[in-house]
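Report on the structure
What follows is the residue order along each chain.
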Amino acid sequence: MIELRPFDSLGGANHGWLDAKHHFSFADYHDPSRVHWGNLRVWNDDTIAPKTGFPPHAHRDMEIITYVREGAITHEDDLGNKGRTEAGDVQVMSAGTGVRHSEYNLEDVPTRIFQIWIIPTHSGDAPAWGAKPFPKGERSGKFVTLASGYENDHDALPIRTDARIVAATLKAGETAEYPIGKDRKGYLVPATGVVTIDDIRVNARDGAAISDLDVLRVTAIEDSEIVLVDAA
């Protein structure tokens, strides 16, 4: 089953420095039908103005994955980690027992990100942070794993949950398949472009909530960049 969630149906708020859209209930937006999708709890579509960002704040017991669509985000935390993640690349923060961090757009142009929160499988671990480049050429025409809670996904950033984040870049007319399995829940968002799933058109920044499907087949109508969470 594919449930389309058009971009214009999302919650959100424009704070000036931050224009945020929420696929799931978050902050002042609450929709009882959109609280989570399996263990996927948050998918925020954020545009951050130049030279602004999120000042230091705390998290715990959450896996937080940031996919940078345009620009770059600079992370700093009380563990001593600091890093700049550019468009197409990914950072992961396992909040664990507690971490305090900031995220700023130090660039001269707006930064656009997907920030994805997934409920961890267990708690009590120390916090951790990591980032990795994922050249788009390596995911041309196929899904590659960006972050994963499974040990056999050796090239992916580790997360502490029963989930996987994958991405693909497709040329118009190309189809990519992902064997999700009927017992899993998927949530797919095109960062750019337009795709179809089972003849359902999914435009850029729309959400597609996927369930009861053995194999996910995505066909690009336009050149597209897509991100998918495979959730428990």
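Now for a quick tour of the structure. (Residues numbered from 1 in each chain as written. Predicted model: local features only at pLDDT ≥ 70, side-chain atom pairs only at ≥ 80, totals over all residues. Heavy atoms only, no water.)

This part takes up the layout of surface pockets. Quantified by volume, the largest pocket comes out at close to 340 Å³. Along its surface, the largest pocket is lined by 22 residues, and Leu 18, His 22, Phe 26, Asn 44 and Phe 54 are the ones closest to its centre. Of all the secondary-structure elements, those providing two or more residues to the lining of the largest pocket are β2 (11–14), β3 (18–22), β4 (40–48), β5 (52–59), β10 (99–105) and β11 (111–118). Considering every element that reaches the lining of the largest pocket, the biggest residue donor is β5, with four residues. Of the residues that constitute the lining of the largest pocket, the class distribution is eleven nonpolar, eight polar and three charged. (1 Å grid on protein atoms, 1.4 Å probe; cavity = no way out; pocket = protein on both sides within 12 Å on 5 of 7 lines; lining within 4 Å. Points joined across faces, edges and corners; volume = space filled by probe spheres on them. Helix = DSSP H or I, 4+ residues; strand = E, 2+ residues; numbered from the N terminus. Nonpolar A, V, L, I, M, F, W, Y, C, P; charged D, E, K, R; others polar.)

As summarised here, the arrangement of the four strands in space is β5-β10-β7-β8, forming an open sheet in which the pairing is antiparallel. The outermost strands of the open sheet, each flanked by one partner alone, are β5 and β8 (82–86). Looking at each pair of strands side by side, their axes are set apart by 20° on average, direction ignored. Bridge count for strand β7 (residues 72–77) against β8 is five bridges, and the pairing is antiparallel. By the bridge assignment, Ile 73 is partnered in β8 with Thr 85. (Pairing = 2+ DSSP bridges. Axes fitted to C-alpha atoms, helices over the stretch in contact; angles between N-to-C directions.)

In this section: the packing of aromatic side chains. Inspection of every chain in the model, using the stated rule, returns seven aromatic pairs. For the ring pair Phe 26 and Trp 117, a centre distance of 5.4 Å and an interplane angle of 85° mean the geometry is edge-to-face. Here Trp 117 lies in strand β11 and Phe 26 lies in the loop between β3 and β4, a separation of 91 residues in the sequence. For Phe 26, a relative accessible area of 23% gives the class partly exposed. Looking at Trp 117, the relative accessible area reads 14%, which means it is buried. Feature note: the residues Phe 24, Trp 43, Tyr 67, Phe 114 and Tyr 187 constitute an aromatic cluster, connected by ring pairs. Positioned above the aromatic ring of Trp 37, the side-chain terminus of Arg 5 is 5.5 Å from the ring centre. Positioned above the aromatic ring of Trp 37, the side-chain terminus of Lys 185 is 4.3 Å from the ring centre. (Phe/Tyr/Trp six-rings, centres within 6.5 Å; stacked < 30°, edge-to-face > 60°. Buried < 20%, exposed > 50% of the residue type's maximum accessible area, 1.4 Å probe, protein only. Lys NZ or Arg CZ within 6 Å of the ring centre and 35° of its normal.)

So, about the side chain of Asp 45. Looking at the secondary structure, you find Asp 45 in strand β4. Relative accessible area serves as the criterion here: at 0%, Asp 45 is assigned to the buried category. A polar atom in the side chain of Asp 45 sits 2.9 Å from the side chain of Arg 205. (Polar contact = N/O pair within 3.5 Å; in protein donor to acceptor, adjacent residues only side chain to side chain.)

In short, geometric facts, not functional conclusions.
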